[in-house]
Amino acid sequence: MRKNLIYKGSWTFYGALLVLMLAVLLPGYHLYQGTNGTFSLPRDEAFLQLSTAKTLAFTHTWGISKDHFEAASPSLLYPLLLAIAFFLFGAHLIVAILVNTVIAILLLICIDKWLKKKGIQPLTQLLILLAVILLSPLPLMIIYGMERTLLLLLVFLAASGFIDEWDQPAFSRRTLLYCALTVATSYEGLLLIAVACALLLWQHRWPGAFELALWALLPMIIFGFIALSKRAYFFPNPWIVDFSSQFSYDWMIGCSAAVIVPLAHQRFHIRKRPAQWMITSACLAIILLFTRNVYAAWDMN
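Here the structure is a predicted model, which means the values were calculated and not measured.

Asker: Sorry, what's going on with the packing of aromatic side chains here?
Answerer: When we look at a pair of aromatic rings, we describe it by the centre distance and by the angle of the planes. Throughout the structure, instances matching the rule amount to six aromatic pairs. Taken together, Trp62, Phe69 and Phe223 form an aromatic cluster joined through their ring pairs. Lying across the ring of Trp166, Arg205 places its NZ or CZ 5.3 Å from the centre.

The structure is reproduced here in structure tokens:
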């Protein structure tokens, strides 16, 4: 049976998508005017990944130059995606924005489907999707041209897999693969895996914790030994030069908004307690906004 692309049950997704596009275009246009019509990216760190992707696409060398192997990018998976896009469409800065936009749309689709599966009401779905967009903040992640959008997508897929499969004897291979890809996108994804492993150990589920940790560490170990064989460092250079600056938690805010609300909905029977629901939503919004503002102030210093 043929399905229409636009149907009544998906108005929450299309409403959130409209907000996302406007939130990307407005600051993007302002940035374009501020550079006198020259398209650029606001963060210097993005060019390390773009240079790595360009070299990988056209000279098949991992690094910012074709002469030798260099682990200049803090991400492993994101430059690979950009390299594919560069090989197909050419090495243009706008490609990074388009790739991030596609990833962001996939993120909204995944969250929307997961919320529907959890039985969340449409208005609550819309509020959660808007929280993911505005509190992450997803539009700035797209404009920066870095790996944060991909990281947020994979973190959500891994976290939702944990929630759906936590009571099963073992996690599915798909969830374990999401965990590995999360770490391959950014090593700070190990924070999420470490929390899950700690909870498994607390429940005396030793084999599950060991398997999860092994899958998470696999990209780091494989890339590390490849780098050593090329006479480079085990860890990517940005993690060695300035370890503390590579860790941030802005990508966790939108994911938390999409995970905490449906769990609270199921645990506390929010439909029967509207007052508690309003208090919970207000407290969550205050915590998210406060966390984002603290991070923004820290990032500006």
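Asker: Would you take a moment to explain the environment of Leu181 for this structure?
Answerer: Along the chain, Leu181 turns up in helix 8 (residues 173-185). Since its relative accessible area comes to 26%, Leu181 is described here as partly exposed. In this structure, the C-alpha to C-alpha distance between Leu181 and Leu77, residues 104 residues apart in sequence, is 7.3 Å. Leaving out residues up to four positions away in the same chain, Leu181 has contacts with Leu77 and Leu154.

Asker: What is the right way to read the packing of helix 7 (residues 148-165) against helix 8 from this model?
Answerer: In the contact formed by helix 7 and helix 8, the axes pass within 9 Å of each other and the chain directions differ by 150°. Judged by the inter-axis angle, helix 7 sits roughly antiparallel to helix 8. For the pair helix 7 and helix 8, the crossing hand works out as left-handed. On the side of helix 7, the interface is formed by Leu150, Leu151, Leu154, Val155, Leu157, Ala158, Gly161, Phe162 and Glu165, while helix 8 contributes Thr175, Tyr178, Cys179, Leu181, Thr182 and Thr185. Its residues assigned to classes, the contact of helix 7 with helix 8 comprises 10 nonpolar, four polar and one charged.

How each quantity is defined
Residues numbered from 1 in each chain as written. Predicted model: local features only at pLDDT ≥ 70, side-chain atom pairs only at ≥ 80, totals over all residues. Heavy atoms only, no water. Phe/Tyr/Trp six-rings, centres within 6.5 Å; stacked < 30°, edge-to-face > 60°. Lys NZ or Arg CZ within 6 Å of the ring centre and 35° of its normal. Helix = DSSP H or I, 4+ residues; strand = E, 2+ residues; numbered from the N terminus. Buried < 20%, exposed > 50% of the residue type's maximum accessible area, 1.4 Å probe, protein only. Contact = heavy atoms within 4.5 Å. Axes fitted to C-alpha atoms, helices over the stretch in contact; angles between N-to-C directions. Parallel < 35°, antiparallel > 145°, perpendicular 65-115°, else oblique. Left-handed = near helix turned anticlockwise from the far one by under 90°. Nonpolar A, V, L, I, M, F, W, Y, C, P; charged D, E, K, R; others polar.

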